[in-house]
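Take a look at the letters that make up each chain.
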Amino acid sequence: MITNEQRAALIEAAIEVRERAYAPYSNYQVGAALLMEDGTIVTGVNVENSSYGLTICAERTAVGRAIAAGYRKILAVAVATDNAGSPCGACRQVLTEFAGDVPVYLVDEAGNGRDTTLYTLLPDHFGPEHLT
Ligand code: THU
């Protein structure tokens, strides 16, 4: 169970880190924050490139940082954008590698938006069971 305080802190972290997004081409800044099992929040931003297709989304930047820090389980996700936009399909799939049907908070810079869950965003996702 995610407490109201954890939810608020996660959303705040996503909004704050969004300021550091590197998005000179799209001007669509994204901040992501992941709540890990020990209560730590790991953040990420989108990192664009002049070779556009090399752009990395904020959610996947955050996942990479979390895994490199030794974490393996995500308890909740917050994504902050200009318009409370929803994560792209690739990021949804990458999140499912380390998260179950966890809460996903989609917010704008004022913290307004909507709450959903990862499996609502990506039902019937590909998983390790398909590899056996
Ligand atoms: N972007 C993300 O960071 N996360 C998403 O889930 C969707 C898109 C970024 C990629 C690019 O830098 C910008 O938003 C516009 O597509």
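Structure first, text after, so check above.
A brief structural summary.

Reading guide: rules and limits
- Residues numbered from 1 in each chain as written.
- Predicted model: local features only at pLDDT ≥ 70, side-chain atom pairs only at ≥ 80, totals over all residues.
- Heavy atoms only, no water.
- Buried < 20%, exposed > 50% of the residue type's maximum accessible area, 1.4 Å probe, protein only.
- Helix = DSSP H or I, 4+ residues; strand = E, 2+ residues; numbered from the N terminus.
- Pairing = 2+ DSSP bridges.
- Core = buried A, V, L, I, M, F, W, Y, C linked by side-chain atoms within 4.5 Å.
- Contact = heavy atoms within 4.5 Å.
- Near = heavy atom within 4 Å.
- Polar contact = N/O pair within 3.5 Å; in protein donor to acceptor, adjacent residues only side chain to side chain.
- 1 Å grid on protein atoms, 1.4 Å probe; cavity = no way out; pocket = protein on both sides within 12 Å on 5 of 7 lines; lining within 4 Å.
- Sits in = over half its atoms within 2 Å of the grid points.
- Nonpolar A, V, L, I, M, F, W, Y, C, P; charged D, E, K, R; others polar.
- Patch = residues over 30% accessible without salt bridge, like charges linked within 9 Å, V, L, I, M, F, W, Y side chains within 5 Å.
- Areas by Shrake-Rupley, 256 points an atom, 1.4 Å probe, with all protein chains shown as cover.
- Salt bridge = Lys/Arg side-chain N within 4 Å of Asp/Glu carboxyl O.
- Axes fitted to C-alpha atoms, helices over the stretch in contact; angles between N-to-C directions.

With respect to the pairing of strand β3 (residues 74–80)
Right, so step 1: Of all seven residues that make up β3, six are buried, and the element is covered over most of its length.
Right, so step 2: Sheet topology places strand β1 (residues 31–36) next to β3; six bridges connect them, and they run antiparallel. Counterpart to G31 in the pairing with β3 is A80.

Details of the nonpolar core
Right, so step 1: Ranked by internal contacts, the top residues of the largest apolar core, which has 20 residues, are L34, M36, I74, V77 and L95.
Right, so step 2: Looking at this core, the elements with two or more residues in it are β1, α2 (58–68), β3, β4 (103–107) and α4 (118–121).
Right, so step 3: A total of four residues in this core trace back to one element, the largest contributor, which is α2.
Right, so step 4: Residues in contact with V77, not counting those within four places in the same chain, are L10, A33, L34, L95, V102, P103, V104 and Y105.
Right, so step 5: Counting 13 residues, the second-largest nonpolar core is a separate cluster that includes A13, A33, A76 and A80.

What to know about unusual backbone geometry
Right, so step 1: In the Ramachandran plot, A84 falls in the positive-phi region, its phi being about 55° despite a non-glycine side chain.
Right, so step 2: Inspection of the secondary structure puts A84 in the loop between β3 and α3 (89–96).
Right, so step 3: Classification of A84 by relative accessible area gives buried; the value is 18%.

Observations concerning the site of the ligand
Right, so step 1: By nearness alone, every residue bordering the ligand is listed as S26, Y28, V30, N46, E48, T55, C57, A58, E59, P87 and C88.
Right, so step 2: Between the ligand and N46 there is a distance of 2.9 Å, counted from an oxygen atom to a side-chain nitrogen or oxygen.
Right, so step 3: Within the backbone of A58, an N or O atom sits 2.9 Å from an oxygen atom of the ligand.
Right, so step 4: Judged by the proximity of its atoms to the pocket grid, the ligand belongs to the largest pocket.
Right, so step 5: Residue composition of the shell around the ligand, by class: six nonpolar, three polar and two charged.

Points about a nonpolar patch on the surface
Right, so step 1: Judged by side-chain polarity, Y22, Y25, V47, Y52 and I56 come together as a nonpolar surface patch covering roughly 510 Å² of accessible area.
Right, so step 2: Of note, I56 is situated in the loop between β2 (41–45) and α2.
Right, so step 3: Judged by relative accessible area, which is 39%, I56 ranks as partly exposed.

Remarks on the sheet that holds strand β5 (residues 113–117)
Right, so step 1: Here we have five strands laid out as an open sheet, ordered β2-β1-β3-β4-β5, and mixed in their pairing. One side of each edge strand has no neighbouring strand; the edge strands of this open sheet are β2 and β5. The sheet shows a mean angle of 15° between the axes of neighbouring strands, direction not considered.
Right, so step 2: Of the strands in this sheet, β1, β2, β3, β4 and β5 touch helix α1 (residues 4–18), which is tilted by about 145° from β1.
Right, so step 3: Sitting on the sheet, α2 is in contact with β1, β2 and β3, with an inclination near 135° to β2.

Quick notes on the side chain of T43
Right, so step 1: Within the secondary structure layout, T43 lies in strand β2.
Right, so step 2: With sequence-adjacent residues up to four places away left out, T43 is seen in contact with A13, V17, A32, A33, A62 and R65.

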